[in-house]
Number of protein chains: 4
Amino acid sequence: MTVQEVIKAHPQPTSVDRDALLRCIDQCIDCAATCTSCADACLGEQNVGELVRCIRLNHDCADACDATGRILTRQTAPDVGVLRAAIQACAVACGACGDECERHAEHHEHCRVCSRSCRRCEQACNDLLAVIG
Amino acid sequence: MTVQEVIKAHPQPTSVDRDALLRCIDQCIDCAATCTSCADACLGEQNVGELVRCIRLNHDCADACDATGRILTRQTAPDVGVLRAAIQACAVACGACGDECERHAEHHEHCRVCSRSCRRCEQACNDLLAVIG
Amino acid sequence: MTVQEVIKAHPQPTSVDRDALLRCIDQCIDCAATCTSCADACLGEQNVGELVRCIRLNHDCADACDATGRILTRQTAPDVGVLRAAIQACAVACGACGDECERHAEHHEHCRVCSRSCRRCEQACNDLLAVIG
Amino acid sequence: MTVQEVIKAHPQPTSVDRDALLRCIDQCIDCAATCTSCADACLGEQNVGELVRCIRLNHDCADACDATGRILTRQTAPDVGVLRAAIQACAVACGACGDECERHAEHHEHCRVCSRSCRRCEQACNDLLAVIG
């Protein structure tokens, strides 16, 4: 993604491990869009009544990923405590949404795809937390 | 705000203490807008170079408040772990931004106003965490 | 709202009619939150299958109001063409969502409340467009 | 991006030209993140005072792209008027931001990269408008 090129051209690169950071930003952006899309696909299903909890968690996860993706994208004058709490909130939202989507993965391909995106983002958050100090 | 009327008309009210919940939603919405506005006012100041960290934290706080406000607004099929982590991330962002804005409060009225909005939101988050179980 | 105090303390006030501007910002923020809440209330209804279009338009309207509210909040170095197009998109989204919510107003109080919020925001957008030149 | 897989698995595919739609969603997501990142890189530059208008337009463009990307991602029960107005607002914001970033492209690599991302998104919006009817 182009955002990676911009971060590489940033005048004040942070000391955070760049690979872990860029991977997490990438996954946050991907997962936010995927969850927005999965919520909408669930809404279009015949059995929408059975997907209410999935839609709810899709929205929460999209919001958490979107906010965390933006916060991590910024390199200027970061506050590690703010970063850490945002990444943790994102990992929790991805975990809950990934679990719920997995329950519908057999019947709905969009839930299967979304579940994997949530897992990857949760992992990227945990990897980043491990190196952020 | 109108959002409170909608929540009161919700078919599946949550068991969370409603006063603490509505107050926190209100403060998240208010603080998100205030931080977006303070970042922009800082950007318009002659001494913008001295306000870089303030602008950064304003943006982070706006993102955290915006996401948390949306997540708390939803009453259908909530996940308490997701709520809790989002509120915690919001409180941390409000605390950091409130501290930084306070450092500029004497010279910039917008930072003074924003600092107080951050404090109120941080308090509302902590109050909600105390009752959310 | 506190955001109004910050805008009044801005070092570079825009030449746009301030009353029309502040009213529109207020309505955008209110309508974004109300639509997010109405979508969630619809999702919690027994007859969610009949409210699919309402939920869809609630989400679109929340997104348009959120973006337009943020854009209008900024006073530093504005581009009138960008403002105008954002306000127009917001007015269209509010109009469509207000119409759809009105269709369900008799059966769902949250749709009735949301419909009125959409109307007020649409009006505030049109009033601002009329003075923005 | 994973969002494309979810849209391809959607139970109610829209009649809009899928290639033009997916390309526009992709560009909106990419440009939103790139503009958020460029605003932050500008904020970290020594000559931030000369980049104020660029930062302002980066934020506006990020907001417009983010909202439009989300709106276009939804396939269930769309309103063509809402889509059209959102895409138009996005194209205008991308045009203004692309112009401003281009003015700084020679001195700042992040502005050069961001300018190209804005151009691609503006083009994808105009291509989608041409086929959306």
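Residues numbered from 1 in each chain as written. Chains lettered and ligands numbered in written order. Predicted model: local features only at pLDDT ≥ 70, side-chain atom pairs only at ≥ 80, totals over all residues. Heavy atoms only, no water.

1. Thoughts on helix 4 (residues 80-103) of chain B
Okay, step 1: For helix 4 of chain B, spanning 24 residues, the distance from its first C-alpha to its last is 35 Å, which sits close to the expected 34 Å at 1.5 Å a residue.
Okay, step 2: Two or three places before Gly81(B), at the start of helix 4 of chain B, stands the capping residue Asp79(B), its side-chain oxygen 3.0 Å from that residue's backbone nitrogen. (Helix = DSSP H or I, 4+ residues; strand = E, 2+ residues; numbered from the N terminus. Expected span 1.5 Å × (residues − 1). Polar contact = N/O pair within 3.5 Å; in protein donor to acceptor, adjacent residues only side chain to side chain.)

2. Examining the relation of the copies chain D and chain A
Okay, step 1: Of the two same-sequence chains, chain D is brought onto chain A (RMSD 0.0 Å, axial shift 0.0 Å) by a rotation of 180°. Read as a symmetry element, the transformation amounts to a two-fold axis. Ranked by how close their C-alpha atoms come to the rotation axis, the residues of chain D are headed by Ile29(D), at 3.9 Å.
Okay, step 2: The overlap is high: 100% of the interface residues of chain D also sit at the interface in chain A, so the same surface is used on both sides. (Least-squares fit on C-alpha atoms with pLDDT ≥ 70 in both. Contact = heavy atoms within 4.5 Å.)

3. Thoughts on the nonpolar core
Okay, step 1: In this structure, Cys61(A), Cys61(B), Leu128(B), Cys61(C) and Cys61(D) are the most contacted members of the largest nonpolar core, which totals 207 residues.
Okay, step 2: Residues contacting Cys61(B), with those up to four places away along its chain left out, are Cys31(B), Cys35(B), Ala93(B), Cys94(B), Cys97(B) and Cys118(B). (Core = buried A, V, L, I, M, F, W, Y, C linked by side-chain atoms within 4.5 Å. Buried < 20%, exposed > 50% of the residue type's maximum accessible area, 1.4 Å probe, protein only.)

4. Concerning helix 3 (residues 52-73) of chain A
Okay, step 1: In a regular helix each residue adds 1.5 Å, so 22 residues correspond to 32 Å; helix 3 of chain A covers 32 Å between its end C-alpha atoms and thus fits that length.
Okay, step 2: With 20 of 22 residues buried, helix 3 of chain A lies mostly within the body of the structure.

5. Digging into unusual backbone geometry
Okay, step 1: Backbone geometry at Ala77(A) places phi at a positive 50°, although glycine is not the residue there.
Okay, step 2: With respect to the helices, strands and loops of the structure, Ala77(A) is situated in the loop between helix 3 and helix 4 (80-103).

6. Observations concerning the relation of the copies chain C and chain A
Note that the two copies of the chain are related through a rotation about an axis and a translation along the same axis.
Okay, step 1: For these two chains of identical sequence, chain C goes onto chain A by a turn of 180° and a shift of 0.0 Å along the axis, with RMSD 0.0 Å.
Okay, step 2: Comparing interface residues between copies, 100% of those in chain C also sit at the interface in chain A, which points to an isologous, same-surface contact.

7. Quick notes on the side chain of Asp40(B)
Okay, step 1: Secondary-structure assignment places Asp40(B) in helix 2 (residues 18-43).
Okay, step 2: No salt bridge is formed by the buried Asp40(B), whose closest oppositely charged neighbour, Arg56(D), lies at an N-O distance of 4.7 Å.
Okay, step 3: Within polar-contact distance, the side chain of Asp40(B) engages the backbone nitrogen of Gln75(C) at 2.6 Å.
Okay, step 4: Sequence-distant contacts of Asp40(B), defined by excluding residues within four places in its chain, comprise His10(C), Thr73(C), Arg74(C), Gln75(C) and Thr76(C). (Lys, Arg positive; Asp, Glu negative; His and termini not counted. Salt bridge = Lys/Arg side-chain N within 4 Å of Asp/Glu carboxyl O.)

8. Topic: the pattern of salt bridges
Okay, step 1: Scanning the model with the defined rule gives 60 salt bridges over all chains in all.
Okay, step 2: The salt bridge partner of Arg53(A) is Asp79(B), with a shortest N-O separation of 3.8 Å. One end of the pair, Arg53(A), is in helix 3; the other, Asp79(B), is in the loop between helix 3 (52-73) and helix 4, on a second chain.
Okay, step 3: What makes Asp79(B) buried here is its relative accessible area of 19%.
Okay, step 4: Measuring nitrogen to oxygen at the nearest pair gives 3.5 Å for the salt bridge that ties Asp63(D) to Arg70(C). Here Asp63(D), found in helix 3 (residues 52-73), pairs with Arg70(C), found in helix 3 (residues 52-73), and the two come from separate chains.
Okay, step 5: Among the residues examined, Asp63(D) registers a relative accessible area of 4% and is labelled buried.
Okay, step 6: Given a relative accessible area of 13%, Arg70(C) falls into the buried group.

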